[in-house]
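Examination of the molecular architecture
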Amino acid sequence: MRYWNEPIETMSRDELRSIQDTRLRRTVEKIYTNVEHYRKKMQDKGLLPGDVRGAEDLRLLPFSTKQDLRDTYPYGMFSAPLDQITRIHASSGTTGKQTVVGYTAKDIEIWAECMARCLVMAGQDKRSRVQVSYGYGLFTGGLGAHYGAERLGASTIPTSSGNTQRQIVIMRDFGSTCLCCTPSYALFIAETMEDMGIKKEELSLQAGCFGAEPWTEGMRRQIEDRLGIRAHDIYGLSEIMGPSVSQDCECKAGLHVWEDYFIPEIIDPATGEVLPDGAQGEIVFTTISKEGMPLIRYRTRDISSLTHEVCACGRTHARMGRLKGRTDDMLIIRGVNVFPSQIESVLLGFSNVSPNYRIIVEREGLLDQMTIELEINETLFADTVKGMEDAERGIRRQLDSVLGITSRVRIVEKGTIDRSMGKAVRVIDKRNLIG
Ligand code: DLL
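This section reports on the structure supplied with the text. In this text the structure is predicted, and so the values were computed from the model without any measurement. (Residues numbered from 1 in each chain as written. Predicted model: local features only at pLDDT ≥ 70, side-chain atom pairs only at ≥ 80, totals over all residues. Heavy atoms only, no water.)

Once that is clear, we can look at the overall build of the protein chain. Along the backbone of the protein chain there are 11 helices and 21 strands. Oriented by its inertia axes, the alpha-carbon framework of the protein chain measures out at about 70 × 55 × 40 Å. Taken across its 435 residues, the protein chain has 55% of its residues classed as buried. Looking at the protein chain alone, contacts between residues at least 24 apart form 67% of all its contacts between residues at least 6 apart. Looking at the protein chain as shown, the accessible area adds up to about 18500 Å², and 49% of this sits on carbon and sulfur atoms. Computed over 56 positive and 60 negative side-chain charges, the separation of the two mean positions in the protein chain equals 1 Å. (Helix = DSSP H or I, 4+ residues; strand = E, 2+ residues; numbered from the N terminus. Buried < 20%, exposed > 50% of the residue type's maximum accessible area, 1.4 Å probe, protein only. Contact = heavy atoms within 4.5 Å. Areas by Shrake-Rupley, 256 points an atom, 1.4 Å probe, with all protein chains shown as cover. Lys, Arg positive; Asp, Glu negative; His and termini not counted. Charge placed at Lys NZ, Arg CZ, Asp CG, Glu CD.)

Right under this line is the structure:
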């Protein structure tokens, strides 16, 4: 099975644009009528629904942000009455109120459709066994992947995250063919499997849909090697839907955004100006089919780029580049901008470095100091003080030259760095704690 929904996934860009025009007009009408907060924002811009004739008028519309969701907490952005809302998810975030999202039954159906498309891209079909090791709950990962796997008709195994040894026994004994979890958890599973003496050849695993946190090509290679599978990058966010807003296909040349449901744009985060294909900036989504909580030009804070070129896989839906991180993840160290993903890319360029690392930022006097703690693979571990110092020096030099600032590197014993079963916390910024 090559596509889940071939006519839609491969339709011409003109047809896709025409669907977007109609659905966008409908969405704008609906939110203007039903959501006071949006009506006010449009009125402030002197806009009436009829002014938006199609996707080319998108840029007339105001942006929306997490702040809008907070200001209208909990249900003020819902466009459907509560008696039509059949599911509520929420994301906690690190500060402030939770972000609440409501879905109608049709929203859940469309979400399952998008997820089924992603699973087929990962080579799955109704004979497959999909193990869902994302957390189930208010987080959208577990239930999102679950409904997609059921829609596909695959045997869905809802293990949720945690209890890793049991997960592995299930994966082996039940013959799971696809694993859905965060990339950091996939690596922890691989590591635990090695500790248990279970070989990848004993599994039936073919592929994985990994996302919910930033990861690099180096990490993808390690997961693919250690689990013997093809690792796909799946993206999404609760506000827009959850997992399966986009995912990469076998070409691994960017993540296809399901454009019959979401219109993506890239903007300059400082000015809000829309940027052309290829340019890096903040990715913004407009939902054009959602009933529960449609969002117009929602600013994700995720840094990516877009291409509308048709992919070698035959899909016509635009592709977003692998996420570089979030605007709010960017560290400013002595005035220099550093993304944790840049650090991961450097680290995993060394064959003996494991993807277990953390970045500690402190302020010493007036100066920011960044220390990278990392574990290395035992097999290649030079077991002498000198060997260790040489390794640390080599990594530090490479980091300094790529990041343009000096940092400290500390190799720590295997198992020192906390393993994650959900979204990994890589950065400990102690500067915020010091008044
Ligand atoms: O993480 C939804 C999801 C679940 C996506 C499972 C994929 C798989 P939130 O908890 O609302 O939703 O967090 C959304 O996570 O804005 C990104 O910053 C980050 N993120 C999600 N997928 C990726 C990815 C889910 N593939 C936030 N690469 C987003 C990098 C990702 N970051």
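There is more to say, and it comes next.
Residues in contact with the ligand amount to 20 residues; listed here are only the nearest, Asp233, Ile234, Ser238, Asp302 and Lys423. Contacts to the ligand include Glu213, whose backbone N or O atom sits 3.2 Å from a nitrogen atom. Here Asp233 contributes a side-chain N or O atom positioned 2.8 Å from a nitrogen atom of the ligand. In the complex, the protein chains occlude 92% of the 600 Å² of accessible area that the ligand would expose alone. Looking at the shell around the ligand element by element, the count peaks at five residues for strand 7 (residues 230-237). Classifying every residue of the shell around the ligand by side-chain character gives nine nonpolar, five polar and six charged. (Near = heavy atom within 4 Å. Polar contact = N/O pair within 3.5 Å; in protein donor to acceptor, adjacent residues only side chain to side chain. Nonpolar A, V, L, I, M, F, W, Y, C, P; charged D, E, K, R; others polar.)

The end-to-end C-alpha distance of helix 8 (residues 183-196) is 20 Å, a good match for the 20 Å that 14 residues give at a rise of 1.5 Å each. The element helix 8 is extensively covered by neighbouring structure, given that 11 of its 14 residues are classed as buried. Turning to helix 8, its buried residues number three or more, namely Pro183, Ser184, Tyr185, Ala186, Leu187, Phe188, Ile189, Ala190, Glu191, Thr192 and Met193. Where the residues of helix 8 are buried, they touch helix 7 (164-173), strand 5 (178-181), strand 6 (207-211), helix 9 (217-227) and strand 18 (353-364). The first or second residue beyond helix 8 is Gly197, which carries a positive phi of 75 degrees. (Expected span 1.5 Å × (residues − 1).)

This part takes up empty space enclosed by the protein. Within this structure, the stated rule accounts for two cavities of 30 Å³ or more. Counted as a void, the largest cavity has a volume near 60 Å³. In terms of lining, the largest cavity is formed by Tyr103, Asp107, Ile110, Met241, Tyr261, Phe262, Ser289 and Lys290. Residues of the lining of the largest cavity, tallied by class, amount to five nonpolar, one polar and two charged. Estimated volume of the second largest cavity: approximately 40 Å³. In terms of lining, the second largest cavity is formed by Leu69, Thr72, Tyr73, Pro74, Tyr75, Gly76, Met77, Phe78, Val100 and Met293. Among the residues forming the lining of the second largest cavity, the class breakdown is eight nonpolar, two polar and no charged. (1 Å grid on protein atoms, 1.4 Å probe; cavity = no way out; pocket = protein on both sides within 12 Å on 5 of 7 lines; lining within 4 Å. Points joined across faces, edges and corners; volume = space filled by probe spheres on them.)

The next thing to look at is the sheet that holds strand 12 (residues 298-304). The strand order across the open sheet formed by four strands is 10-11-12-15, and the pairing between neighbours is antiparallel. Two strands lie at the open edges of the sheet, namely strand 10 (262-267) and strand 15 (325-326), each paired on one side alone. Pairing of strand 10 with strand 11 (residues 281-287) involves six bridges; the strand directions are antiparallel. Of the residues in strand 11, the one forming a bridge with Ile266 is Ile283. (Pairing = 2+ DSSP bridges.)

Mapped onto the fold, Phe174 is located in the loop between helix 7 and strand 5. The exposure class assigned to Phe174 is partly exposed, which follows from its relative accessible area of 47%. Considering only alpha carbons, one finds Phe174 and Leu203, 29 residues apart in sequence, at a separation of 9.2 Å. Not counting residues up to four positions away in its chain, the partners in contact with Phe174 are Arg129, Ile157 and Val169.

With that settled, consider helix 5 (residues 105-121). Given a rise of 1.5 Å per residue, 17 residues ought to cover 24 Å, and the 25 Å separating the end C-alpha atoms of helix 5 matches this to within 8%. With 14 of 17 residues buried, helix 5 is to be regarded as a mostly interior element.

Examined against the element boundaries, Pro355 turns out to sit in strand 18. A residue is classified by how much of its surface remains accessible, and Pro355, at 3% relative accessible area, is buried. Sequence-wise, Pro355 and Phe188 are 167 residues apart; in three dimensions their C-alpha atoms are separated by 9.7 Å. Filtering out sequence-adjacent residues up to four positions away, Pro355 remains in contact with Leu187, Met219, Gln222, Arg226, Leu348 and Arg426.

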